Amino acid sequence: MNIALFTDSYLPTKSGVVTVVDQIYQNLKKQGHHVVIVTVSNPLADDTDIKDDIFRVPSTKIGLGMKDQYFGYPFLKKVSKFLKKNKIELIHCHTEFTIGLNAIHEAKKLNIPLICTTHTMWEDYYKYYLPGGEHISPDIIRWLVRKFYNKMYALINVSEKAHAYFKQDFICPNIPSCIIPNSINAQHYCTVPSTEQEIKDLRSSLGIKDDETMVLYVGRVVEEKRVLELVDILDTALSEGKKIKAVIVGDGAALKHVKKLTGIAKNSDRFIFTGFIDWHLIHKYYEAADLFVTASLSEMHSMTILEAITSGLPVVVRKDSSYNDTVIQDVNGYQSETDEQMSKDIVKLCNNKELLAEFSKNSKKISHNFLPQTFIDRHIQIYQTVINAWKTKQKLTDEILNAALDKVSIKD
């Protein structure tokens, strides 16, 4: 197959979307398929224009609190030439921005199918990034989302939550769709696991004693991740569990505010901030931790949760359907109904080492459902099904897409 991936974010930028796109790109090539990427230019990228199978359109930095994100100029004739040269049969879009608009334009022009993965719940995000976003009605955002996604031939959703949202009457209930959860390449994510001594040294450098429980948050420190609420949740837990310390790994627009909050918290001396940590070193913090937490309710399918369970960490989250396949109640963690319950669940786990150990083993087992081979096999089945339906003018349905996914067995 000849596949084109369209994305407004790609290496060297780091994000969940970038990880997904690169996984598809690398693994399709390994299996003998021809795949190209159309994305934005980036001054830090080696391939600043056309290089082999990556086409970068001219772009400008967005700003608006979106670090390392670029606005690509769409509708360039060179893109059409690039796609024709590579005999593209299907476009897989991973963005709603300008490169996404370009994907719609090129698919129509070349008369090939266009599908899209729904990575972001924009109703939860726009207020934090658009100027005056707090004054914009959700109805306007829904209209924009609906206008974009209704131009797709099919959708890939990353979770039950995403699937349910896009099937609502006010979005695009008639677009055929299926669910392919995100995956994580454990070997790429953690090339060399930490030794026991390295783990001990890292915990010591963070000021965590052998008999203390390390509760970890990894991610962007921004308001839409409910990091301000997480501080309150953790402060309550720290008050009840005297041998617990909270480590927050990451950077973001709300970091100063969060540090200010922890500075006046009852247990201010037991909050530890690392700031930004390179992705290739993040695994060391997961390995050193005893428990992973997040209070975010804006996820589609969290990559940090995948990293945590791959590292064998129990997880406590606020209840949300985006976690239904990664955080199984009373198996590898808790989906807490309220912030208050989340504090209690954190303490409950931290005070029970045997339960922590049991949940840790279960997280490892659950992580096997999200291996890259299964992930790419599912995409290949969907690509083949979509291309065949398009060429034969068969009416594509959810049932046909799900039947294709049923052919894929989960591999350990």
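Since we're looking at a predicted model, the values are computed, not measured. (Residues numbered from 1 in each chain as written. Predicted model: local features only at pLDDT ≥ 70, side-chain atom pairs only at ≥ 80, totals over all residues. Heavy atoms only, no water.)

Enquirer: Describe the overall build of the protein, and please don't skip the residues or the numbers.
Expert: When helices and strands are counted, the protein shows 16 helices and 16 strands. Taken against the 2.2 N^0.38 rule, which gives 22 Å for 412 residues, the C-alpha radius of gyration of the protein at 22 Å falls within 12% of a compact globule. Principal-axis analysis of the C-alpha atoms gives the protein an extent of 65 × 45 × 45 Å. In the protein, which comprises 412 residues, the share counted as buried stands at 56%. Expressed as a percentage of contacts within the protein between residues at least 6 apart in sequence, the contacts between residues at least 24 apart total 68%. Summed over its atoms, the accessible surface of the protein is roughly 18,600 Å², and 53% of this surface lies on carbon and sulfur atoms. (Helix = DSSP H or I, 4+ residues; strand = E, 2+ residues; numbered from the N terminus. Rg over C-alpha atoms; globule rule 2.2 N^0.38 Å. Buried < 20%, exposed > 50% of the residue type's maximum accessible area, 1.4 Å probe, protein only. Contact = heavy atoms within 4.5 Å. Areas by Shrake-Rupley, 256 points an atom, 1.4 Å probe, with all protein chains shown as cover.)

Enquirer: Report on helix H11 (residues 279–288), specifying residues and quantitative values.
Expert: Those residues of H11 that fall on the buried side of the exposure criterion are Ile282, His283, Tyr285, Tyr286 and Ala288. N-cap assignment for H11: the residue whose side-chain oxygen lies 3.0 Å from the backbone N of His280 is Asp278. (Polar contact = N/O pair within 3.5 Å; in protein donor to acceptor, adjacent residues only side chain to side chain.)

Enquirer: Lay out the pairing of strand S9 (residues 154–157) with the relevant residues and their values.
Expert: Side chains Ala154 and Ile156 project from S9 onto one buried face, and the interleaved Leu155 and Asn157 project onto a second face that is buried too. Relative to S9, strand S8 (residues 114–118) runs parallel, the two sharing 4 bridges. Residue pairing in the sheet places Cys116 in a bridge with Leu155 of S9. Here 3 bridges tie S9 to strand S10 (residues 177–179), and the two strands are oriented parallel to one another. Residue pairing for S10: Asn157 is matched across the bridge by Ile179. With helix H6 (residues 160–166) bridging S9 and its parallel neighbour S10, the resulting β-α-β unit is right-handed. (Pairing = 2+ DSSP bridges. Right-handed = clockwise from strand over helix to strand, strands pointing away.)

Enquirer: Talk me through the environment of Thr98; I want residue IDs and the actual numbers.
Expert: Mapped onto the elements of the fold, Thr98 is located in helix H3 (residues 98–110). Among all residues touching Thr98, those that are not within four sequence positions of it are Asp8, Phe71, Gly72 and Pro74. A polar contact of 3.4 Å, which involves the side chain of Thr98, links it to the side chain of Asp8.

Enquirer: Hey, could you go over a nonpolar patch on the surface for me, with residue numbers and the actual values?
Expert: Taken together, Ile140, Trp143 and Leu144 make up a surface patch of nonpolar side chains, about 310 Å² in accessible area. On the secondary structure map, Leu144 appears in helix H5 (residues 138–149). (Patch = residues over 30% accessible without salt bridge, like charges linked within 9 Å, V, L, I, M, F, W, Y side chains within 5 Å. Salt bridge = Lys/Arg side-chain N within 4 Å of Asp/Glu carboxyl O.)

Enquirer: Residues and numbers for the packing of aromatic side chains, please.
Expert: By the definition in use, this model includes 10 aromatic pairs. On the numbers, 5.1 Å between centres and 90° between planes, the contact of Phe148 with Tyr149 is edge-to-face. Looking at Phe148, the relative accessible area reads 6%, which means it is buried. Here Tyr149 falls in the buried class, since its relative accessible area comes to 0%. Ring centres 5.0 Å apart and planes at 90° place the aromatic pair Tyr153 and Trp390 in the edge-to-face group. Of this pair, Tyr153 sits in the loop between H5 and S9 while Trp390 sits in helix H15 (residues 372–392), and the two are 237 residues apart along the sequence. Owing to a relative accessible area of 19%, Tyr153 belongs among the buried residues under this scheme. A relative accessible area of 29% places Trp390 in the partly exposed class. (Phe/Tyr/Trp six-rings, centres within 6.5 Å; stacked < 30°, edge-to-face > 60°.)

Enquirer: I'd like a description of the sheet that holds strand S11 (residues 213–218), backed by residues and values.
Expert: Strand order in the open sheet made by the 6 strands is S13-S12-S11-S14-S15-S16, with parallel pairing throughout. Each having just a single partner strand, strand S13 (271–275) and strand S16 (333–336) make up the two edges of the open sheet. With direction set aside, neighbouring strand axes in the sheet form an average angle of 20°. (Axes fitted to C-alpha atoms, helices over the stretch in contact; angles between N-to-C directions.)

Enquirer: Would you mind going over the nonpolar core in detail, with residue names and values included?
Expert: Of all hydrophobic cores here, the largest spans 39 residues; its most connected members are Phe6, Leu83, Ile91, Tyr149, Met152 and Phe166. Once residues lying within four places of it in the same chain are set aside, the contact partners of Phe166 are Thr118, Val145, Tyr149, Leu155, Asn157, Ile171, Cys172, Pro173 and Met300. (Core = buried A, V, L, I, M, F, W, Y, C linked by side-chain atoms within 4.5 Å.)

Enquirer: Summarise the pattern of salt bridges; cite the residues concerned and give the values.
Expert: Close approach of charged atoms allows side chains of opposite charge to pair. In the structure shown here, the tally under the stated rule is 13 salt bridges. Between Lys167 and Asp398 there is a salt bridge whose closest N-O contact spans 3.0 Å. One end of the pair, Lys167, is in the loop between H6 and S10; the other, Asp398, is in helix H16 (residues 398–405), with 231 residues separating them in the sequence. The buried category is assigned to Asp398, whose relative accessible area is 18%.

Enquirer: Which residues make up helix H12 (residues 303–310), and what values do they have?
Expert: Burial analysis of H12 places 7 of its 8 residues in the buried class, the great majority of the element. Inspection of H12 places Met303, Ile305, Leu306, Glu307, Ala308, Ile309 and Thr310 among the buried residues, and these make up the whole buried set. Structurally, H12 contributes buried residues whose contacts are with helix H1 (16–30), helix H7 (186–189), H11, strand S14 (291–294), strand S15 (315–318) and helix H14 (353–367). Just downstream of H12 lies Gly312, where phi reads positive at about 80°.

Enquirer: Report on unusual backbone geometry, specifying residues and quantitative values.
Expert: The residue after Leu11, namely Pro12, is reached through a cis peptide bond having omega 10°. By the secondary structure assignment, Pro12 is in the loop between strand S1 (2–6) and H1. One non-glycine residue with positive phi stands out, namely Asn111, at about 55°. If you trace the backbone, Asn111 turns up in the loop between H3 and S8. Under the relative-accessibility criterion, Asn111 is labelled exposed at 53%. With phi around 65°, Asp330 is a residue other than glycine that occupies positive phi space. Relative accessible area serves as the criterion here: at 49%, Asp330 is assigned to the partly exposed category.

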